[in-house]
Amino acid sequence: MTKPEQHRVSVAGGRIHTNRLVLRPWSVDDAAEAVAVYGRSEVARWLAPAMSAVDNEAAMTAVLKRWIDESSALEPPAGRWAVTLADTGELIGGAAVLPLPPDGVDLEIGWQLAPAHWGHGLATEAGHAVAHYTFTQGVDEVFAVVRPRNTRGAATARRVGMEWVGETQKYYGLTLQVYRLRRGDLDLPTIQAFPFPPHGGRNGGRHQER
């Protein structure tokens with residue numbers, strides 16, 4: 001399988017750069033483009049109940065203001081970023097590093113892309129980018145929590161190099177599949193022998209696409 005490899009990552013001025021992407025801080029001016037991501041049911045269904053579909057610019061502006069305030073209050077490497085195409089600047093999604101409830105000790109990486117950009121490896125690239133950034137800040141491991149039946153989210157977590165470590169109800173009051181990536185494993189090849197969740201490979205999420 002493809003290594004997360006080839007995803008060169010650099011960080012400068014609060015932005016995370018990869019081969020094809022720039023992850024930058026959100027702005028309230030992003031509201032119109034962000035609706036194309038978070039207004040889509042294919043994306044929002046995996047974010048509920050924390051977030052439902054945001055289908056208008058005014059509501060998205062309010063969400064972005066909250067995210068911007070939240071990010072400013074978080075201790076790095078936690079934060080939220082808009083995911084944009086490096087060559088055009090088009091906003092295609094969002095990514096985050098956030099403390100996992102209930103104790104805020106574990107860090108979760110998350111990503112969402114507009115459906116029009118699924119299937120091109122961009123979600124894997126974004127997930128790898130935030131993991132790489134987090135590890136440069138002295139963190140030893142990160143997690144992704146994935147809702148049952150979110151097979152795209154689970155597949156992307158594995159492509160980032162994450163290993164399934166079990167099912168839990170610890171986070172968010174939901175049954176979730178948990179994936180983990182340790183700093184030393186970041187750029188190892190993804191292998192098909194990763195253990196899969198029970199129940200015929202159910203996978204789940206706050207993440208989408210490949």
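Computed from a predicted model, the values in this text were never measured in an experiment.

J.: I'd love a proper account of the nonpolar core, names of residues and values included.
T.: With 52 residues, the main nonpolar core has Leu23, Tyr38, Met60 and Met162 as its most contacted residues. Looking at which element gives the most residues to this core, the answer is helix α4 (residues 122-136), with 8 residues. With near-sequence residues (within four places) excluded, Met60 lies in contact with Ala31, Ala34, Val35, Tyr38, Val54 and Trp67. With 6 residues, the next largest nonpolar core counts Leu100, Phe143, Val145 and Leu176 among its residues.

J.: Quick one: what's the story with the confidence of the model for the protein chain, residue by residue and with numbers?
T.: Taken residue by residue, the protein chain gives an average pLDDT of 87. The fraction at 70 or more is 85%. Note that residues 1-5 has pLDDT below 50 and, in this model, 13 contacts with residues that lie over four places away or in other chains. Overall, residues 189-205 carries pLDDT values under 50, and its contacts beyond four positions in sequence, including any with other chains, amount to 49 contacts.

J.: Describe in detail the side chain of Gln112, supporting the description with residues and values.
T.: Summarising the element assignment, Gln112 is placed in strand β6 (residues 107-113). Of the polar contacts made by the side chain of Gln112, one reaches the side chain of Tyr38; its length is 2.8 Å.

J.: Give a description of unusual backbone geometry that names residues and reports values.
T.: The step from Pro76 to Pro77 runs through a cis peptide bond, and the omega angle for that step is 15°. Tracing the backbone shows Pro77 in the loop between α3 (57-73) and β4 (79-85). In this structure, Pro102 follows Pro101 across a cis peptide bond, with omega equal to 5°. When you line up the elements, Pro102 lands in the loop between β5 (91-99) and β6. A positive phi angle, close to 80°, is found at Arg149, a residue other than glycine. Of note, Arg149 is situated in the loop between β7 (141-146) and α5 (151-160). Using a relative accessible area of 60% as the deciding quantity, one classes Arg149 as exposed.

J.: Give me the lowdown on the packing of helix α1 (residues 31-38) against α3, citing residues and values where you can.
T.: Closest axis-to-axis distance for the α1/α3 pair is 9 Å, and the angle between their directions is 95°. Judged on the interaxial angle alone, α3 and α1 are roughly perpendicular. Where α1 abuts α3, its residues Ala31, Ala32, Ala34, Val35 and Tyr38 lie against Glu57, Met60, Thr61, Leu64 and Trp67. Taken together, the residues of the contact of α1 with α3 break down into 8 nonpolar, 1 polar and 1 charged.

Basis of the calculations
Residues numbered from 1 in each chain as written. Predicted model: local features only at pLDDT ≥ 70, side-chain atom pairs only at ≥ 80, totals over all residues. Heavy atoms only, no water. Core = buried A, V, L, I, M, F, W, Y, C linked by side-chain atoms within 4.5 Å. Buried < 20%, exposed > 50% of the residue type's maximum accessible area, 1.4 Å probe, protein only. Helix = DSSP H or I, 4+ residues; strand = E, 2+ residues; numbered from the N terminus. Contact = heavy atoms within 4.5 Å. pLDDT = per-residue confidence, 0-100. Polar contact = N/O pair within 3.5 Å; in protein donor to acceptor, adjacent residues only side chain to side chain. Axes fitted to C-alpha atoms, helices over the stretch in contact; angles between N-to-C directions. Parallel < 35°, antiparallel > 145°, perpendicular 65-115°, else oblique. Nonpolar A, V, L, I, M, F, W, Y, C, P; charged D, E, K, R; others polar.

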